[in-house]
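Descriptive structure summary
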Amino acid sequence: PGQVPTPQQTSIWGVQPKVALVWGSPGRYVMRSKHSDQKHFIGKLPTGEYDSLPEVEYSSLKLAAAAGVNTCEFALEPLSSIADQLPYALQKDGRKFLLVSRFDRDVPTDSRRLHMEDFAQVTGTPSEYKYLGTYAAIGLLLKRRSAGGEADVAELLRRIKVSELLGNYDAHLKNFSLVYPTGQARPELSPAYDIVAYGVYFTGSGHGLKFFPDQPPRTLLTPRTLRELGNVWDIPEKQLSEVVTRCVDQAMANWPGLLKTLPLTATHRSRLAEHILGNASVAAWRRRHPDAPWFDT
């Protein structure tokens with residue numbers, strides 16, 4: 001991975017090639033991010049490292065939203081809808097890319113931007129140490145600093161659980177951000193972005209971030225961990241447990257039908273279903289709902 005420059009030398013860090021786009025004329029996206037009054041996007045392009053990565057991320061975001069997560073706006077678009085010459089001769093490629101709306105842009109301010117900080121910036125953590133943060137610290141900052149307070153902590157907990165269910169092993173400090181709405185003194189948790197079910201590509205478990213500094217890597221969200229988070233955040237364990245339970249309930253009510261409709265390969269669909277079924281929360285849910293519809297991949 002690394003930076004992939006566009007013809008205008010705009011580049012965005014990430015695991016896949018990304019380009020800054022605006023809606024241009026006639027009805028196509030143009031690689032440009034500055035000095036434009038048009039709507040701004042990020043285009044996440046196909047990569048040779050992970051097959052169908054735009055489709056997998058699109059599906060991951062759709063599943064996250066269906067489980068109650070507040071996600072960014074996104075869509076799958078053909079590469080041919082990008083007007084400029086693409087890197088790697090992708091201009092003749094028949095595949096699709098993931099189009100993500102910039103929620104920090106195109107707002108009614110003089111600059112048309114919202115100030116945004118990811119949690120590496122918020123905590124003063126250099127990018128190369130982005131996996132050294134903890135969920136406990138993120139939640140504590142949200143409770144103390146965000147306008148949403150405990151509601152934003154609950155949203156963080158939903159994202160943690162959904163990432164665990166989907167096999168989003170790579171979540172780190174730069175995948176969570178604060179935005180500063182106009183006229184509002186305190187920031188709030190931004191919509192979710194960069195949720196990718198890497199479980200369709202390789203076997204793994206747990207999270208990119210630890211819950212607490214002294215925990216082993218890849219720890220799962222267990223009842224004990226939830227109790228310890230409640231103590232740190234000064235939020236009743238029962239309240240946090242209800243957030244997780246509702247998230248799993250909503251996922252299991254919506255995902256079996258949704259999974260059939262998503263633009264995944266048969267192999268990816270099967271691996272994703274297998275990963276979800278392997279989660280202890282899902283196994284417990286199935287015991288409580290033995291007659292509920294389940295994944296038909």
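In what follows, the accompanying structure is described. (Residues numbered from 1 in each chain as written. Predicted model: local features only at pLDDT ≥ 70, side-chain atom pairs only at ≥ 80, totals over all residues. Heavy atoms only, no water.)

**Some remarks on the packing of aromatic side chains**
Inspection of the entire model under this criterion finds 11 aromatic pairs. Consider the rings of Tyr135 and Phe211, whose centres lie 5.3 Å apart with planes at 50 degrees: the pair is tilted. With Tyr135 in helix α3 (residues 135-145) and Phe211 in the loop between β8 (188-189) and α5 (223-233), this residue pair connects regions lying 76 residues apart in the sequence. Each member of the pair, Tyr135 as well as Phe211, carries the same accessibility label: buried. Ring centres 6.2 Å apart and planes at 15 degrees place the aromatic pair Tyr198 and Phe202 in the stacked group. Classification of Phe202 by relative accessible area gives partly exposed; the value is 36%. Each member of the aromatic cluster is reached from another via a ring pair, and the members are Tyr50, Tyr169, Tyr198, Tyr201 and Phe202. (Phe/Tyr/Trp six-rings, centres within 6.5 Å; stacked < 30°, edge-to-face > 60°. Helix = DSSP H or I, 4+ residues; strand = E, 2+ residues; numbered from the N terminus. Buried < 20%, exposed > 50% of the residue type's maximum accessible area, 1.4 Å probe, protein only.)

**Quick notes on the packing of α3 against α5**
Put simply, α3 and α5 touch, their axes get as near as 10 Å, and they point 40 degrees apart. Helix-helix and strand crossings are classified by hand; for α3 and α5 the assignment is right-handed. Only Leu229, Val232 and Trp233 of α5 make contact with α3, whose side of the interface consists of Tyr135, Ala136, Gly139, Leu140 and Lys143. A class-by-class count of the residues in the contact of α3 with α5 yields six nonpolar, one polar and one charged. (Axes fitted to C-alpha atoms, helices over the stretch in contact; angles between N-to-C directions. Left-handed = near helix turned anticlockwise from the far one by under 90°. Contact = heavy atoms within 4.5 Å. Nonpolar A, V, L, I, M, F, W, Y, C, P; charged D, E, K, R; others polar.)

**Here's the deal with the pairing of strand β7 (residues 177-180)**
Strand direction decides the pairing type here: strand β6 (residues 115-118) and β7, joined by four bridges, are antiparallel. By the bridge assignment for β7, His115 is matched with Tyr180. Bridge count for β7 against β8 is two bridges, and the pairing is antiparallel. Within β8, the residue paired with Leu178 across the bridge is Leu189. (Pairing = 2+ DSSP bridges.)

**Thoughts on α5**
Among the residues of α5, those classed as buried are Thr225, Leu226, Leu229, Gly230 and Trp233. Around the axis of α5, the buried residues are gathered within 145 degrees of arc, so they sit on the same side. Of the exposed residues in α5, the ones pointing more than 90 degrees away from its buried face are Arg224 and Asn231. Elements that come into contact with the buried residues of α5 comprise α3, α4 (150-166) and α6 (237-261). Of the residues flanking the end of α5, it is Asp234, one or two places downstream, whose phi is positive at about 55 degrees. (Arc of directions from axis to C-beta.)

**Overview of the pattern of salt bridges**
With the rule as written, the count across this model stands at 10 salt bridges. Of the charged contacts in the structure, one is a salt bridge between Glu237 and Arg227, with a shortest N-O distance of 3.4 Å. Residue Glu237 is located in helix α6, and its partner Arg227 is located in helix α5; the two are separated by 10 residues in the primary sequence. Accessibility expressed as a relative area gives 32% for Glu237, which makes it partly exposed. Among the charged side chains, a network of salt bridges with common partners joins Lys44, Glu57 and Asp194. (Salt bridge = Lys/Arg side-chain N within 4 Å of Asp/Glu carboxyl O.)

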